[in-house]
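Fold and contact review
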Amino acid sequence: MIYGTEKVKFPSTSTVKQDKEGFSPKGLSPGSESEYDINMEMDVEGNFKIHSTTSIKNISTDEWEQLIFYFIPNMFTETNSSLEKPSTVKVESINLDGETVKFNLEKDTLTVPLNEKLEPNKDVVVDIKYEFTLPEKGFRFTKNETNYFLAQWYPMIATYRNHNWNKEAYRLKGETYHTGFSDFKIQYKLPKDLTIISSSDTDRYPSKRTGVLEGKNLKEFYISLLREPNVIQKKTDDITIRVFGVDERKELHKEISEIASEAMNYFQDTIGPYPHKQLDIILDELGMEYPGVVTASSIYNHWLESPEHLKRTVVHEIAHQWFYGVISNDPYHDAWLDEGITTLATSLFYANQGNDSSFDEELSREFTLPVNLPLDKYSFNEQSGYIYGKSSEMLWKVFQENGGKLKAEDFLKNYYDHYQYKEVNTLEFVRFLKYDLKLKDDDYFKDWILLENNNERVR
């Protein structure tokens, strides 16, 4: 997501890339590996029938007695939300290796007891059949007039660490779900006049009523279903950028297509290759990143209606394709990592465009807590100030004294090179930053990062 921080002015200080021989990156294990094979059918009235088959491997050192899934559609039912038109959710059955089992669904936590303990390096196949409708004016998982947005729409297996399932309570602000990288195969059947946009590189516009979508090494699989959008397609090298607009601001859609292309070129040149063959930008939802897809819109908040703010939102969400989409972190316990780094990368892009201003230098004094606390440790109103604002400001201060703009760009490339498809926590990030900048101690971090094993805070 995006927070409205100021743009930043960077001094032009050259830097020489250092030899990275001898550094060994240490990614965190997700504890579980999964592959998803999902059948999705939608009727003309907006009812969805899903058959989700998930192959799950225990890659932890513990025996498992149960499985824990995020089941976020259940958060928008009449029981769990105050929406005028909530969703409906019905879980018909759950099978484990072909045998029907009992389960418990409470809010967004789906608990499936195992018939037998699952030992390390063993697999289990879970079949879940369920139905749902989308809420109106929901949160990411929602229906807007004739368009459908399926965020976190399938049962997502949680990560497992420190002898527990890493599953936290759902919150409307911030990302409270954390998954590992998975492979997906989605078979779909739709009513006519809807086109499907997804995290897959295999979807085409306009889409067929039936088809198969696939994706590999994805943090999650996003789908939207749009009716007669305004579409702009643009090629940048071998990448197709598609902008889907649902209003009549076609000139603005074109401008967004152009700045998206410029951002794509900059991020590829500066950080590394974009991980997909196409990028879809949907202008009918809150600002958010998904693998291969970003959303941005002024539909809910009037202050987002500025075209320049909308463009900046798009650039920010594009940067997340590297920092979230490829380098993973726990967005509940280490939200600052992808948001702070993405905010910095966005500011570097605008500085490269010659559009400079400065950070709010008072921010770190106003926000006195560390930036790497779990989301529930911040007040609702101050959360963004920490994970977007203070984190990027303080990170930039480190680079100001250690090479400036060019070194910051150099660091992003080195960081991406070392941690592709790995999960990073605060301690590992600081370890690499100290190595990359040749910092001798932790003095740069003592005023804004809690330097302890933050993963021990995971329940």
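Residues numbered from 1 in each chain as written. Predicted model: local features only at pLDDT ≥ 70, side-chain atom pairs only at ≥ 80, totals over all residues. Heavy atoms only, no water.

With that settled, the discussion passes to the sheet that holds strand β8 (residues 123-133). Across the sheet, 7 strands lie side by side as β5-β4-β8-β2-β1-β14-β16; this open sheet has mixed pairing. On the outer flanks of this sheet lie β5 (99-100) and β16 (210-218), each paired with one strand and no other. Pairing of strand β1 (residues 32-42) with strand β14 (residues 182-189), which is carried by 7 bridges, proceeds in the parallel orientation. Within the sheet, the bridge partner assigned to Glu 41 lies in β14 and is Lys 189. (Pairing = 2+ DSSP bridges. Helix = DSSP H or I, 4+ residues; strand = E, 2+ residues; numbered from the N terminus.)

Here the focus is the environment of Arg 140. Here Arg 140 is to be found in the loop between β8 and β9 (142-144). Taking C-alpha positions, Arg 140 is 5.6 Å from Ala 151, a pair spaced 11 residues apart along the chain.

Relative to the helices and strands, Tyr 350 resides in helix α3 (residues 335-352). Residue class for Tyr 350 comes out buried when judged on its relative accessible area of 6%. Sequence separation between Tyr 350 and Ala 263 is 87 residues; the distance between their C-alpha atoms is 9.0 Å. (Buried < 20%, exposed > 50% of the residue type's maximum accessible area, 1.4 Å probe, protein only.)

Note that Lys 167 resides in the loop between β13 (164-166) and β14. Overall, the relative accessible area of 10% leaves Lys 167 in the buried class. At a separation of 3.0 Å, a polar atom in the side chain of Lys 167 contacts the side chain of Asp 108. Among the polar contacts made by the side chain of Lys 167, one reaches the side chain of Thr 109 at a distance of 3.0 Å. (Polar contact = N/O pair within 3.5 Å; in protein donor to acceptor, adjacent residues only side chain to side chain.)

Within the structure shown, the criterion is met by 41 aromatic pairs. A ring pair is formed by Phe 184 and Phe 221, whose centres lie 5.5 Å apart and whose planes are at 45°; its orientation type is tilted. Placement of the pair is Phe 184 in strand β14 and Phe 221 in the loop between β16 and β17 (223-226), with a sequence separation of 37 residues. For Phe 184, a relative accessible area of 4% puts it in the buried group. Since its relative accessible area comes to 0%, Phe 221 is described here as buried. (Phe/Tyr/Trp six-rings, centres within 6.5 Å; stacked < 30°, edge-to-face > 60°.)

Inspection of every chain in the model, using the stated rule, returns 18 salt bridges. Between Glu 136 and Lys 85 there is a salt bridge whose closest N-O contact spans 3.5 Å. One end of the pair, Glu 136, is in the loop between β8 and β9; the other, Lys 85, is in the loop between β3 (64-70) and β4 (88-96), with 51 residues separating them in the sequence. Assessed through its relative accessible area of 47%, Lys 85 is described here as partly exposed. When salt bridges with common partners are traced through the structure, they connect Glu 63, Glu 65 and Lys 117 into a single cluster. (Salt bridge = Lys/Arg side-chain N within 4 Å of Asp/Glu carboxyl O.)

As a further point, take helix α1 (residues 250-270). An ideal rise of 1.5 Å per residue puts 30 Å on 21 residues; α1 measures up with 30 Å between its terminal C-alpha atoms. Of the residues trailing α1, Gly 272 is marked for its positive phi of about 160°. (Expected span 1.5 Å × (residues − 1).)

Of note, His 178 is situated in the loop between β13 and β14. A distance of 3.4 Å separates polar atoms of two side chains, one belonging to His 178 and the other to Lys 219. For His 178, the contacting residues outside a window of four places in its chain are Tyr 70, Ile 157, Ala 158, Thr 159, Arg 161, Asn 166, Lys 219, Ser 328, Asn 329, Asp 330, Pro 331 and Glu 423. (Contact = heavy atoms within 4.5 Å.)

This brings us to helix α6 (residues 404-419). Residue pairs three or four apart in sequence face the same way in an α-helix, which turns once every 3.6 residues. The end-to-end C-alpha distance of α6 is 22 Å, a good match for the 22 Å that 16 residues give at a rise of 1.5 Å each. α6 sits mainly inside the fold: 13 of its 16 residues count as buried.

Strand order in the open sheet made by the 4 strands is β9-β10-β17-β15, with antiparallel pairing throughout. Each of the sheet's edge strands pairs with one partner strand only, and the pair in question is β9 and β15 (195-198). Pairs of neighbouring strands in the sheet enclose a mean axial angle of 15°, with direction left out of account. Looking at chain direction, strand β10 (residues 147-150) and β17 are connected through 3 bridges and run antiparallel. Among the inter-strand pairings, Phe 149 is bridged to a residue of β17, identified as Ser 224. (Axes fitted to C-alpha atoms, helices over the stretch in contact; angles between N-to-C directions.)

Our next topic: the environment of Ile 239. Assignment of secondary structure puts Ile 239 in strand β19 (residues 239-245). With relative accessibility at 6%, the residue Ile 239 sits in the buried group. In this structure, the C-alpha to C-alpha distance between Ile 239 and Tyr 274, residues 35 residues apart in sequence, is 8.4 Å. Beyond its immediate stretch of four places on either side in the chain, Ile 239 contacts Lys 234, Met 264, Gln 268, Tyr 274, His 276, Lys 277, Gln 278 and Leu 279.

Before going further, it helps to examine the nonpolar core. Formed by 65 residues in total, the largest nonpolar core has its most connected members in Met 40, Phe 48, Leu 67, Trp 153 and Ile 223. With sequence-adjacent residues up to four places away left out, Leu 67 is seen in contact with Ile 56, Leu 96, Leu 110, Thr 111, Val 112, Leu 114, Val 124, Val 126, Ile 157 and Trp 165. Residues Ala 263, Leu 395, Tyr 419 and Val 424 belong to the second largest nonpolar core, which totals 58 residues. (Core = buried A, V, L, I, M, F, W, Y, C linked by side-chain atoms within 4.5 Å.)

With that out of the way, let us pick up unusual backbone geometry. That bond from Tyr 205 to Pro 206 is cis: its omega, -10°, falls within 30 degrees of zero. Mapped onto the fold, Pro 206 is located in the loop between β15 and β16. Phi angles above zero are rare outside glycine, and Lys 137 is one such case at about 60°. On the secondary structure map, Lys 137 appears in the loop between β8 and β9.

A word on the packing of helix α2 (residues 307-319) against α3. Direction vectors running N to C along α2 and α3 enclose 120°, while the axes themselves pass 9 Å from each other. It follows that α2 is oblique to α3 by the angle criterion. You can see that α2 and α3 cross each other, and the crossing is right-handed. Here Lys 311, Arg 312, Val 315, His 316 and Ala 319 of α2 lie close against α3, whose contacting residues are Glu 339, Thr 342, Thr 343, Ala 345, Thr 346, Ser 347, Phe 349 and Tyr 350. Here the contact of α2 with α3 is composed, by residue class, of 5 nonpolar, 5 polar and 3 charged. (Parallel < 35°, antiparallel > 145°, perpendicular 65-115°, else oblique. Left-handed = near helix turned anticlockwise from the far one by under 90°. Nonpolar A, V, L, I, M, F, W, Y, C, P; charged D, E, K, R; others polar.)

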